[in-house]
Amino acid sequence: MDMQIYFPGGKRVFADYGGFTIETDQPARGGGDGSAPAPFDLFLASMQQRGVDATGARITMRTQYDAATGLIGKIDLELQLPAGFPDKYRDAVVNAMNLCTVKKHLHQPPAFEITTTAAVSV
């Protein structure tokens, strides 16, 4: 299933997936409206740092499942840059995407610890 990630303006990032739209925004202290949770801080910050408007950019995420495990075996990201995007920043954008915290966590996943507790009878 594909996920469409797009930048409707300001510091908002929306993602369409499975019939839902997940809206995100930067907090007011970060220049956003604080209208939704903040994602992709590094990506947007790197674009704005260079004076490049991300409006109209889109990321398509495609997942490929491993038949043997039934889990996602590969994630492909396709970045569609807006019209007029400066060629000199293409490599920088790819680099920023590679530095994404979520991507880093997938490469080096954290350990999970699951515990249980029981309610105390009174």
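Residues numbered from 1 in each chain as written. Predicted model: local features only at pLDDT ≥ 70, side-chain atom pairs only at ≥ 80, totals over all residues. Heavy atoms only, no water.

## Thoughts on the overall build of the chain
Summing up its helical and strand segments, the chain has three helices and five strands in all. Listed N to C, the secondary structure of the chain is β-β-β-α-β-β-α-α in terms of helices and strands. The C-alpha radius of gyration of the chain comes to 18 Å, more than 25% above the 14 Å expected for a compact globule of 122 residues. When the 122 residues of the chain are sorted by exposure, 28% land in the buried category. Restricting the contact set of the chain to residue pairs at least 6 apart, pairs at least 24 apart contribute 35%. On the chain, roughly 8,800 Å² of surface is accessible, and the fraction owed to carbon and sulfur atoms is 55%. Separation of charge centres in the chain, based on 11 positive and 13 negative side chains, amounts to 6 Å. (Helix = DSSP H or I, 4+ residues; strand = E, 2+ residues; numbered from the N terminus. Rg over C-alpha atoms; globule rule 2.2 N^0.38 Å. Buried < 20%, exposed > 50% of the residue type's maximum accessible area, 1.4 Å probe, protein only. Contact = heavy atoms within 4.5 Å. Areas by Shrake-Rupley, 256 points an atom, 1.4 Å probe, with all protein chains shown as cover. Lys, Arg positive; Asp, Glu negative; His and termini not counted. Charge placed at Lys NZ, Arg CZ, Asp CG, Glu CD.)

## Quick look at the side chain of D25
As for its placement among the helices and strands, D25 is situated in the loop between β3 (20-24) and α1 (41-49). Lacking a salt bridge, the buried D25 has R12 as its closest oppositely charged neighbour, with an N-O distance of 5.8 Å. Side-chain polar atoms of D25 contact the backbone nitrogen of D33, separated by 3.0 Å. A distance of 2.9 Å separates the side chain of D25 from the side chain of S35, its partner in a polar contact. (Salt bridge = Lys/Arg side-chain N within 4 Å of Asp/Glu carboxyl O. Polar contact = N/O pair within 3.5 Å; in protein donor to acceptor, adjacent residues only side chain to side chain.)

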